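Structural characterization, general
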Amino acid sequence: MRINQNYLKLEESYLFSTIAKKVADFQQRNPDKEVIRLGIGDVTLPLCDAVVREIHGAVEEMGNQETFHGYGPEQGYPFLKSAIVSYYAQRQIDLQPEEIFVSDGAKSDLGNILDLFDTENTVLIPDPVYPVYVDTNVMAGRSIVYLNANQENSFLPMPDPRVRADLIYLCSPNNPTGAVYRKEQLRNWVDYAKDCGAVILFDAAYEAFVQESGLPRSIYEVEGARECAIEFCSLSKTAGFTGVRCGYTIVPRELKRQNVALNPLWLRRQTTKFNGVPYIVQRGAAAVFSRKGMAQIKSNIAYYQRNAKIIADSLSDLGIWYTGGTNSPYIWLKCPGGRTSWEYFDYLLHRANVVGTPGAGFGKNGEGFFRLTSFGDYEKTKEAMRRIRQIVE
Ligand code: PLP
């Protein structure tokens, strides 16, 4: 018997445990100081009323013989898939219900999709990045080529024709950098993927945060993307579903490799290894796309965006370089004074009692950068930025 040796190659992630330990130590030594957390990647506002009502109704149905639901379709109930089709149609993107696969969130699908691809494939992953892309490929033993995202390319790396890849990860709006690709840039990626015969894995988990019209919220806004891209989306940040769990993945019917359509392969994978998202959750998810639900989640997103603006405006005033903020809940700043990410973390914690996330935790190009998030409380975010302004040398 042999275990999967690739698991031994995974790098231990100390990022969030180290942050927690440093904050706990600081609080123990300074019990009178109020620490403000601007590092969290989780939402804080509760589910909106339209979702809560629908979930309550669904629970009632489950408690009645006549309306009880057992196993549902593995790929999602038609009522939710048609709500997602309409959501995309508002942006002139035509999807068929069979192209949508409802899941318990983007993280699972981002990992599971790799079942469809040979382990000999080369994977292109931006650095810095959401660590799941790297770790899931290390687990499978694939070789990874990193794509440098840095200040010079505004953390929006473009394809290098000298580098060939089979799988390409793109995340826009990006975690951790908050950077958002423009349509022409995504068009370059689509052209490159087609040229290589590669498949783009497009993570649109933060699409709902895009405010500027003209900025793409889906890879399918680019012509030809249906032949080369799979899109992952999540209700986690869009509608506060981090604890409820619901997302969806789109595998267009035109997407074929080696003359094999990927849509039926993914269907086969899901029907074999996955038994669907709870009916109760899917009813709540469908309510997100209702008229009331959309208005309510928009107001929650606006709350976070007001926080992002406070952070971004303060950094602009202080002359600190940053990306993100406007179309993203994340603000990615260059550590002032030439500090490393962890030096800046300690500095902010000790001098301003504010917690953020060191960029070095997201890849080597994250060194010297720092992530702040807008998922906190408005008054606390204001107070945190007031303190950061005060400590500037
Ligand atoms: N993709 C990105 C870029 C994320 O930042 C996250 C969560 O933080 C996810 C996917 C995971 O989303 P979900 O909660 O749907 O699994």
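Residues numbered from 1 in each chain as written. Predicted model: local features only at pLDDT ≥ 70, side-chain atom pairs only at ≥ 80, totals over all residues. Heavy atoms only, no water.

1. Structural notes on the overall build of the protein
When helices and strands are tallied, the protein shows twelve helices and 15 strands. Compactness check: the protein gives a C-alpha radius of gyration of 21 Å against a globular reference of 21 Å for 393 residues, within 12% of the reference. Taken across its 393 residues, the protein has 53% of its residues classed as buried. Here the analysis covers contacts within the protein between residues at least 6 apart in sequence; of these, 74% occur between residues at least 24 apart. Of note, the protein has its 44 positive side-chain charges centred 2 Å away from the centre of its 45 negative side-chain charges. (Helix = DSSP H or I, 4+ residues; strand = E, 2+ residues; numbered from the N terminus. Rg over C-alpha atoms; globule rule 2.2 N^0.38 Å. Buried < 20%, exposed > 50% of the residue type's maximum accessible area, 1.4 Å probe, protein only. Contact = heavy atoms within 4.5 Å. Lys, Arg positive; Asp, Glu negative; His and termini not counted. Charge placed at Lys NZ, Arg CZ, Asp CG, Glu CD.)

2. Regarding helix H5 (residues 132-140)
Think of an α-helix as 3.6 residues a turn; residues three or four steps apart then line up on the same face. Burial in H5 covers these residues: Val-132, Tyr-133, Val-134, Thr-136, Asn-137 and Val-138. Close packing links the buried residues of H5 with helix H4 (106-112), strand E3 (122-127), strand E4 (143-148), strand E5 (167-171) and strand E6 (199-203). One or two positions beyond H5, positive phi appears at Gly-141, with a value near 80°.

3. Points about the sheet that holds E5
Reading across the sheet, the seven strands line up as E2-E8-E7-E6-E5-E3-E4 and stay open at both edges, with mixed pairing between neighbours. At either margin of the open sheet sits one strand with a lone partner, and together these are strand E2 (100-103) and E4. The sheet shows a mean angle of 20° between the axes of neighbouring strands, direction not considered. In terms of strand pairing, E3 meets E5 through two bridges, oriented parallel. If you follow Val-123 over to E5, its bridge partner there is Leu-167. Each of E3, E4, E5 and E6 is contacted by helix H6 (residues 183-196), which is oriented at about 170° to E5, the strand it contacts most. (Pairing = 2+ DSSP bridges. Axes fitted to C-alpha atoms, helices over the stretch in contact; angles between N-to-C directions.)

4. Focus: the pairing of strand E15 (residues 369-373)
Of all five residues that make up E15, five are buried, and the element is covered over most of its length. Neither face of E15 is open: one carries Phe-369, Arg-371 and Thr-373, the other Phe-370 and Leu-372, and all of them are buried. With five bridges joining them, strand E12 (residues 330-334) and E15 adopt antiparallel strand pairing. Directly across from Leu-333, in E15, lies its bridge partner Phe-370. With two bridges joining them, strand E14 (residues 357-358) and E15 adopt antiparallel strand pairing. Each residue of the ladder has a partner; that of Thr-357, found in E15, is Arg-371.

5. Here's the deal with the site of the ligand
With respect to spatial proximity, 14 residues lie near the ligand, and among them Ala-106, Asp-203, Tyr-206, Ser-234 and Ser-236 are the closest. Here a nitrogen atom of the ligand and a side-chain polar atom of Asp-203 are 2.6 Å apart. Starting from 400 Å² of accessible surface for the ligand in isolation, the protein chains cover 91%. Of all the secondary-structure elements, those providing two or more residues to the shell around the ligand are H4 and helix H7 (236-239). Its residues assigned to classes, the shell around the ligand comprises six nonpolar, four polar and four charged. (Near = heavy atom within 4 Å. Polar contact = N/O pair within 3.5 Å; in protein donor to acceptor, adjacent residues only side chain to side chain. Areas by Shrake-Rupley, 256 points an atom, 1.4 Å probe, with all protein chains shown as cover. Nonpolar A, V, L, I, M, F, W, Y, C, P; charged D, E, K, R; others polar.)

6. Here's the deal with a nonpolar patch on the surface
There is a patch of nonpolar side chains on the surface, built from Met-1, Ile-3, Tyr-7 and Leu-8 and spanning about 540 Å² of accessible area. Position of Tyr-7 among the secondary structure elements: in the segment before helix H1 (15-29). Exposure remark for Tyr-7: the relative accessible area of 44% places this residue in the partly exposed category. (Patch = residues over 30% accessible without salt bridge, like charges linked within 9 Å, V, L, I, M, F, W, Y side chains within 5 Å. Salt bridge = Lys/Arg side-chain N within 4 Å of Asp/Glu carboxyl O.)

7. What to know about the sheet that holds E14
Taken together, four strands build an open sheet; the order of strands is E11-E12-E15-E14 and the sheet is antiparallel. Single-partner strands in this sheet number two, and they are strand E11 (322-324) and E14. Those strands touched by helix H10 (residues 291-318) are E11, E12 and E15, and its axis lies near 15° from that of E12. Sitting on the sheet, helix H11 (residues 341-352) touches E12, E14 and E15, and the angle it makes with E15 is about 50°.

8. Brief notes about the packing of helix H2 (residues 49-62) against helix H9 (residues 279-288)
A pair of packed helices can be characterised by two numbers: the angle between their axes and the separation between those axes. One can describe the packing of H2 onto H9 by two numbers: an axis separation of 8 Å at closest approach and a directional angle of 150°. The orientation of H2 relative to H9 falls into the category roughly antiparallel. Taken as a pair, H2 and H9 cross one another with a handedness that is right-handed. Of H9, the residues touching H2 (which contributes Ala-50, Val-51, Glu-54, Ile-55, Gly-57, Ala-58, Val-59, Glu-61 and Met-62) are Tyr-279, Ile-280, Arg-283, Gly-284, Ala-287 and Val-288. (Parallel < 35°, antiparallel > 145°, perpendicular 65-115°, else oblique. Left-handed = near helix turned anticlockwise from the far one by under 90°.)

9. What to know about the environment of Phe-289
The residue Phe-289 is located in the loop between H9 and H10 in this model. For Phe-289, a relative accessible area of 13% gives the class buried. Once the C-alpha coordinates of Phe-289 and Leu-80 are considered, the two residues, 209 residues apart in sequence, prove to be 8.7 Å apart. If we ignore the near neighbours within four places in the chain, the residues touching Phe-289 are Leu-80, Ala-83, Ile-84, Tyr-87, Leu-235, Tyr-248 and Met-294.

10. Points about the packing of aromatic side chains
This model, assessed by the stated rule, comprises 26 aromatic pairs. Summarising the aromatic geometry, the rings of Tyr-77 and Tyr-279 are spaced 5.3 Å apart at their centres and angled 75° between planes, so their arrangement reads as edge-to-face. Here the residue Tyr-77 occupies a position in the loop between H2 and helix H3 (78-89), and Tyr-279 occupies one in helix H9, the gap between them amounting to 202 residues. Note on accessibility: Tyr-77 and Tyr-279 belong to one class, buried. Here the aromatic cluster, defined as three or more aromatic residues joined through ring pairs, consists of Tyr-206, Phe-209, Tyr-303, Tyr-304, Tyr-330 and Phe-375. The side chain of Arg-91 reaches across the aromatic face of Tyr-87, ending 4.6 Å from its centre. (Phe/Tyr/Trp six-rings, centres within 6.5 Å; stacked < 30°, edge-to-face > 60°. Lys NZ or Arg CZ within 6 Å of the ring centre and 35° of its normal.)

11. Some remarks on the pattern of salt bridges
For the structure on display, the rule yields 21 salt bridges. A salt bridge links Glu-99 to Arg-226, with the nearest nitrogen and oxygen atoms 2.4 Å apart. Highlighted residues: Glu-99 in the loop between H3 and E2 and Arg-226 in the loop between E6 and strand E7 (229-234), separated in sequence by 127 residues. For Arg-269, the salt bridge goes to Asp-115, with nearest N and O atoms at 3.0 Å.

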